[in-house]
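Residue-level structure breakdown
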Protein chains: 2
Amino acid sequence: MSEKLTIGMFGFGVVGQGLYDIIKTKDLNLEIKKFVIKNADKKRSLPAELFTTDADDILNDPQINTIVELIDDADAAFAITKRALESGKNVVSANKKMVASHLEELAEIQQKHGTSLLYEGAVCGSIPIIRNLEEYYDNELLHSVSGIFNGSSNYILSKIFNENQSYQTALKDAQDLGFAETDPTLDVGGYDPKFKLAIVASHAYGIYVNPDDILNLGIDTLGEADVRYAREKNYKIKLVPLARETEDQKVVLYVLPRFIQKGDLLYNVENEYNGVVVKAAFADEQFFLGKGAGGHPTGSAVLSDITALRYGYKYEYKKHLEGQGVSYSADHELRVYFRYEDEDLLEKIQFNQVLERFHSADHKYVIGTIALQEIIDKRDLIHHQDNFLAELP
Amino acid sequence: MSEKLTIGMFGFGVVGQGLYDIIKTKDLNLEIKKFVIKNADKKRSLPAELFTTDADDILNDPQINTIVELIDDADAAFAITKRALESGKNVVSANKKMVASHLEELAEIQQKHGTSLLYEGAVCGSIPIIRNLEEYYDNELLHSVSGIFNGSSNYILSKIFNENQSYQTALKDAQDLGFAETDPTLDVGGYDPKFKLAIVASHAYGIYVNPDDILNLGIDTLGEADVRYAREKNYKIKLVPLARETEDQKVVLYVLPRFIQKGDLLYNVENEYNGVVVKAAFADEQFFLGKGAGGHPTGSAVLSDITALRYGYKYEYKKHLEGQGVSYSADHELRVYFRYEDEDLLEKIQFNQVLERFHSADHKYVIGTIALQEIIDKRDLIHHQDNFLAELP
């Protein structure tokens, strides 16, 4: 019933090692034949003959029928994935940027060559959200999918709100613990959750959206005044990607910091946890919570994809093929808090309505409604160390 | 790619109606040809020719390839399901008692006849827990699966803890709203969550356990003193089914009221919501939350099963077939709170250790450790209007 998998793996970092740890505890009818690594000199915990620096050792090996791709470089990952799928090998990837940026082409390649690319590990670590959107909510009218998709920035926000740390201390803490990279822009700038959002939106609504076209603002300019404001109103701040179907079959997508009220499902998602909220016409509100990062949770998702390949599983992209008639749009109005420094700036950004204004010796903010397209157009003005923008409930 | 389904449906109650509401909004390549109902005289919202009181009109119709079974009577449901599966028809059922009581036989029949029985709607309404245990956590070392599986009793407990209602008022409230039956024993006595637990445990661990062999105590004897005790300790009380793998590949199963601490994932699961906590070696802690009852959430799960049948989906029962080597056991010690009235009773029940004793004019309780087998053996003594037993964290 199950097909024996002979695996070639690219990368042997924290996820690769986590995966290897998992596999060795089980009898799974699969074998990891070779790892391709960048640095041949690094000391490894496994026998040297398992490692190579030459990608061809895997990609040209006819015995290897499955590629597991766990490298950081999205361009290299895409080249590997494409070549593997085209040569009849199935692929499991955890590279969200690669998948998000090339999803339409990758779906076409899979169809043309009858191969399968699975990427549950690319989105929210251990939470099986892609599988559930693809299989379980395949005929649901989905109102929205949102959540906390980035463990690093959520860890930082938890430290700030629960332990009164400053942004800088919390960031350093996260970096020391390995939850954040030396250059944390991908995480705290909201790029990482944006890639995941593009993939989620694709499986939720059957659309392909270039991540470059999706707005992301992060928590990288969060200041003490913003935290104080949140506390006064009994809010926490979370970094939230959102896909929402509006009337007229339009789907709005963006990643923004958001003030979260007590009682909201995301309010208690703390530290490195991820959470996904699916709102649907009939299933109503569904919530998935799990660890979003780390070698074992992501390894667990990757392993689940690997073992599904033994049974010939592939994403059907049914919603894409059937054509849901929905399309990506930025036609949406938001209610936001915007802290700023430069009074001239406020002249350049057009709010639909200004509801509150606050001035004090050390900071100023405005509460108002604004078009999503206006934030996209003025992103470079808005995203500045002196400013912070967040959506209000 | 997808097969056209011609459906015969047993029952047209709240779930059947919910399902019909959902189906009519979509173009799903499926048709409901006939409903079998008990009461021919009842006014229906659909044309009379869609209804029959003769099961043979569906079961003998060769055009009908799919049976959807939504009736309350577990024995009748089993007869229908068995006959349908044996005659080559696939079945979707939401009857937890029927599925839990006959799972092993039903799995055998499916294998013998190559037919498929799906029952996601039988467990925790809209939460896709069976599918995920079967497909996604199929190679995970699962430490435990627990949660809130019964919306009616959870609704009652929410009213008691959040709105200071008495048990009797809360129960009546739930009955008035249709969340609890006129005879609420199945729900508040913990039988309904026990059936669901047997199904969950089966897909988690590959075991078949007769629900009659699983301990259940409910919230039907909850008193004011117990609520006061919980409040003093900052606990809530929830009715929690638990499947846990102990050392030596034993799986312990029981349904008991439990004191729940703030910070526990189940603490904020309120009213008619269900929540499932999966603890696994690699995915770590996973949490699923969704509406556990009602026509639309359950209808949504049933529909998801129906549409999966279009693609030939069946539970593989891989864990059962591969033999995980685990077996059901009652060899487990619990820490419990036990309120009692009759001092003699305490002589008859053997605690491993008594940690605290409390006496006052109006009530008495003991805190201690006790063997699960002892609770099972003395269940008839323990389950009495004057007593209340709950597990401590």
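Attention here is on the structure that accompanies the text. Bear in mind the structure is a predicted one, so any value in this text is a computation, not a measurement.

**Brief notes about the overall build of chain A**
- Within chain A one finds 15 helices and 17 strands.
- Against the compact-globule benchmark of 21 Å for 393 residues, chain A has a radius of gyration of 22 Å, which places it among compact chains.
- Each principal axis of the C-alpha atoms in chain A carries an extent, and together these give about 70 × 50 × 35 Å.
- Buried residues in chain A amount to 61% of all 393 residues.
- By sequence separation, contacts in chain A at least 24 residues apart represent 71% of the contacts at least 6 residues apart.
- Looking at chain A as shown, the accessible area adds up to about 15,700 Å², and 44% of this sits on carbon and sulfur atoms.
- Here chain A contributes 42 positive and 61 negative side-chain charges, whose respective centroids are spaced 4 Å apart.

**As for the sheet that holds strand β4 (residues 66-69) of chain A**
Residues and elements named next belong to chain A.
- Strand order in this open sheet of 6 strands is β3-β2-β1-β4-β5-β6, and the pairing throughout is parallel. Each edge of the open sheet carries a strand with a single partner, namely β3 (51-52) and β6 (117-118).
- Pairing analysis gives 4 bridges linking strand β1 (residues 5-10) to β4, with the strands arranged parallel. Residue pairing in the sheet places phenylalanine 10 in a bridge with glutamate 69 of β4.

**Digging into the packing of helix α3 (residues 74-86) of chain B against helix α4 (residues 96-113) of chain B**
Residue and element names in this part refer to chain B.
- Taken N-terminus to C-terminus, the directions of α3 and α4 make an angle of 10°; their axes are 10 Å apart at the nearest point. Of the possible angle classes, the one that applies to α3 and α4 is roughly parallel. Side by side, α3 and α4 meet where Ala74, Ala77, Phe78, Thr81, Lys82, Leu85 and Glu86 of the first sit next to Lys97, Met98, His102, Glu105, Leu106, Ile109, Gln110 and His113 of the second.
- Taken together, the residues of the contact of α3 with α4 sort by class into 7 nonpolar, 4 polar and 4 charged.

**Observations regarding the relation of the copies chain A and chain B**
- Superposition of chain A onto chain B requires a rotation of 180° combined with a translation of 0.0 Å along the rotation axis, giving an RMSD of 0.0 Å. Read as a symmetry element, the transformation amounts to a two-fold axis. The rotation axis passes nearest to the C-alpha of A:Phe288 in chain A, at a distance of 2.4 Å.
- A symmetric contact is evident, with 96% of the interface residues of chain A recurring at the interface of chain B.

**Here's the deal with the pairing of strand β2 (residues 30-36) of chain B**
Residue and element names in this part refer to chain B.
- Relative to β2, strand β1 (residues 5-10) is paired through 6 bridges, and the arrangement is parallel. Considered in β2, the bridge of threonine 6 is made with glutamate 31.
- On the question of chirality, the crossover connecting β1 to the parallel β2 by way of helix α1 (residues 14-23) is right-handed.
- Across 2 bridges, the pairing between β2 and strand β3 (residues 51-52) is parallel. Looking at β3, one finds that phenylalanine 35 is bridged to phenylalanine 51.

**A word on the interface of chain A and chain B**
- Opposite the 45 residues of chain A that make contact, chain B presents 43 residues.
- Taken together, the two surfaces of chain A and chain B that pack against each other cover about 3,500 Å², and 50% of this comes from carbon and sulfur.
- Three residues, A:Tyr136, A:Asn139 and A:Phe282, lead the burial of chain A against chain B; their summed loss comes to 23% of the area buried on that side.
- Measuring nitrogen to oxygen at the nearest pair gives 3.4 Å for the salt bridge that ties B:Asp284 to A:Lys291.
- Counting across the chain A and chain B interface gives 12 residue pairs in polar contact (both at pLDDT 80 or more).

Cut-offs used in this document
- Residues numbered from 1 in each chain as written.
- Chains lettered and ligands numbered in written order.
- Predicted model: local features only at pLDDT ≥ 70, side-chain atom pairs only at ≥ 80, totals over all residues.
- Heavy atoms only, no water.
- Helix = DSSP H or I, 4+ residues; strand = E, 2+ residues; numbered from the N terminus.
- Rg over C-alpha atoms; globule rule 2.2 N^0.38 Å.
- Buried < 20%, exposed > 50% of the residue type's maximum accessible area, 1.4 Å probe, protein only.
- Contact = heavy atoms within 4.5 Å.
- Areas by Shrake-Rupley, 256 points an atom, 1.4 Å probe, with all protein chains shown as cover.
- Lys, Arg positive; Asp, Glu negative; His and termini not counted.
- Charge placed at Lys NZ, Arg CZ, Asp CG, Glu CD.
- Pairing = 2+ DSSP bridges.
- Axes fitted to C-alpha atoms, helices over the stretch in contact; angles between N-to-C directions.
- Parallel < 35°, antiparallel > 145°, perpendicular 65-115°, else oblique.
- Nonpolar A, V, L, I, M, F, W, Y, C, P; charged D, E, K, R; others polar.
- Least-squares fit on C-alpha atoms with pLDDT ≥ 70 in both.
- Right-handed = clockwise from strand over helix to strand, strands pointing away.
- Buried area = accessible area lost by both parts, 1.4 Å probe.
- Salt bridge = Lys/Arg side-chain N within 4 Å of Asp/Glu carboxyl O.
- Polar contact = N/O pair within 3.5 Å; in protein donor to acceptor, adjacent residues only side chain to side chain.

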